[in-house]
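Inside the fold
Residues per chain are reported as follows:
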Amino acid sequence: MKTFASRPAATREFFLSKNVAPPRKKSFNFCSRSTKKLFTCFITAFAILSYFFSRSAKKFLTCFIAAFAILSFASAGVQSQPLQRNESERELFELLNRERAANNLPELKWDDALFKAARQHALLMLNLNIMEHQLPGEPGLEERLTNAGARFTYIAENIAIGKDSSTIHAGWMHSRGHRANILSPRVAAVGIAVVRGTAGLFAVQDFAQSFGSFSLEQQEKQVASLLSAKGLHVTGVRDEARKACDANVGVPGARSATVIRFETPDLSEFSQELEKKIHSEPYRNVAVGACRVREAAGFARYKIALLFF
């Protein structure tokens, strides 16, 4: 009798050539789900209906709207409550970080967005009694994590069915792909979900390298340190470099210069392609400019311009 079953581990990462799709536009709804707009909606509806109905009808409408408002607010309160971890999820999280500590790797942080995505996937596997990374009619891993609100530069997933948490963890550690995800130096956060079914426990681990939120100044300082280490003279002409980053065309001002623009999820090092471009530049003076990118869930990146002169 099998006590453990799994599917090959899934991984995705950000590439410089990846196009990040803009968020879908939301259709306009007269009555929004937010509390303030919902309350405004009730008042507006009451005013309109009061104009047409008698006094007795007004009392009925008042009671109806009040009851509906109370139920709506109560429902909103329940939906806003965070998910609670169960004992099996806590145990798998502890076992995972114990393995990482034994291999001199930093512990993973718990991420609520990844937890939400993992729990939803585990419940769907349970309902369909199927163990797959993508179930019929379900989005892929990237879209699932994006919909849950996660921002990341690298993602991976382990799934399994087992009789208990220790059996599932042992099975993952004896599988090359799953073990690689658990001990990956590229991930920093995890969300783990475990739900019980007739076949055993359905388990999901969603890993990610989270996207760091740095100010423009911090981004520029980090890139400048990498350039200085390569023997380049980093100047303080930051405003022109920022304009070059924002404009995305040509070189601002009359300065004789060239611009290298790039996007990256990681400011700790340059890609090989970028290294070659920097090395081929005849100019040794460089200004660094960072610019804002749209903050949205999903694969994320920094946008930088290097102004050589």
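Throughout this description, residue numbers start from 1 for each chain and increase along the sequence as written. pLDDT decides what is reported in this predicted model: residues at 70 or higher carry local features, side-chain atom pairs at 80 or more are listed and counted, and totals for whole chains, interfaces and linings draw on all residues regardless. Only hydrogens and water are removed before side-chain values are computed, so all heavy atoms of the structure are retained for them.

1. Quick notes on the overall build of the protein
The condition is simple: Under the DSSP-based scheme used, a helix requires at least four consecutive residues in state H or I and a strand at least two consecutive residues in state E, with every element numbered from the N terminus. Only protein chains enter the accessibility calculation, which uses a 1.4 Å probe; a residue is then buried when its area is under 20% of its type maximum, exposed when over 50%, and partly exposed in between. The contact rule is simple, with two residues in contact once any of their heavy atoms fall within 4.5 Å.
Assigned secondary structure in the protein consists of ten helices and eleven strands. Within the protein, buried positions represent 40% of all 309 residues. A fraction of 73% describes how many contacts in the protein between residues 6 or more apart in sequence connect residues 24 or more apart.

2. Thoughts on the sheet that holds strand β8 (residues 258-264)
As a reminder of what qualifies: Only strands joined by at least two bridges in the DSSP assignment are considered to pair. For helices, the fitted axis covers only the stretch in contact; all axes are lines through C-alpha atoms, and the angles between them, taken along N-to-C directions, range from 0 to 180 degrees.
Strands sit in the order β7-β9-β11-β8 across an open sheet of four strands; the sheet is mixed. The two strands at the open ends of the sheet, each matched to only one other strand, are β7 (233-234) and β8. For β8 and strand β11 (residues 302-308), the ladder comprises seven bridges, and the chain directions are antiparallel. Looking at β11, one finds that Arg261 is bridged to Ala305. Its contacts with the sheet place helix α9 (residues 238-247) against β8, β9 (285-291) and β11, and it is angled at close to 55° to β9. Packing against the sheet, helix α10 (residues 272-279) makes contact with β8 and β11, and its axis sits at approximately 165° to β8.

3. A look at helix α8 (residues 216-229)
Along an α-helix, a turn takes 3.6 residues, which lines up residues three or four apart on a common side. As a reminder, the rule being used: How far a helix is expected to stretch is found by multiplying one less than its residue total by 1.5 Å.
If you check α8, its first and last C-alpha atoms are 20 Å apart, about what 14 residues at 1.5 Å a residue would give, namely 20 Å. Its buried side turned inward, α8 meets β7, α9, α10, β9 and β11. Gly231 sits one or two positions beyond α8 and adopts a positive phi of about 85°.

4. Let's talk about the side chain of Thr264
Quick reminder of the rule: Nitrogen and oxygen atoms within 3.5 Å of one another constitute a polar contact, given that in protein one can donate a hydrogen and the other can accept it, and given that sequence-neighbouring residues count only through two side-chain atoms.
Along the polypeptide, Thr264 turns up in strand β8. Look at Thr264 and you get buried, because its relative accessible area is 11%. A polar contact of 2.9 Å, which involves the side chain of Thr264, links it to the backbone oxygen of Asp266.

5. Digging into α9
Cut-off, in case you're wondering: Arc definition: it is the arc formed by the directions from the helix axis to the C-beta atoms.
Of all the positions in α9, only Ala241, Arg242, Ala244 and Cys245 are classed as buried. Along the long axis of α9, the arc covered by the buried residues comes to 155°, so they all point the same way. Facing away from the buried side of α9 by more than 90 degrees, the exposed set consists of Asp239, Lys243 and Asp246. Looking at the buried residues of α9, the elements they touch are α8, β8, β9 and β11.

6. Things to note about the pattern of salt bridges
Note the following rule: Within this document, salt bridges are pairs made up of a side-chain nitrogen of Lys or Arg and a carboxyl oxygen of Asp or Glu, the two lying within 4 Å of each other.
Applying the stated criterion to the full structure yields ten salt bridges. Between Glu87 and Arg90 there is a salt bridge; the shortest N-O distance is 3.1 Å. Of this pair, Glu87 and Arg90 are both found in helix α3 (residues 87-102), three residues apart, which corresponds to roughly one turn of the helix. Looking at Glu87, the relative accessible area reads 54%, which means it is exposed. Note that Glu89 and Arg119 form a salt bridge whose closest N and O atoms lie 3.1 Å from each other. Separated by 30 residues along the polypeptide, Glu89 in helix α3 and Arg119 in helix α4 (residues 112-128) bring together distant segments of the chain. Looking at Arg119, the relative accessible area reads 15%, which means it is buried.

Note that every value here comes from positions in space, so none of it alone points to a role or purpose.
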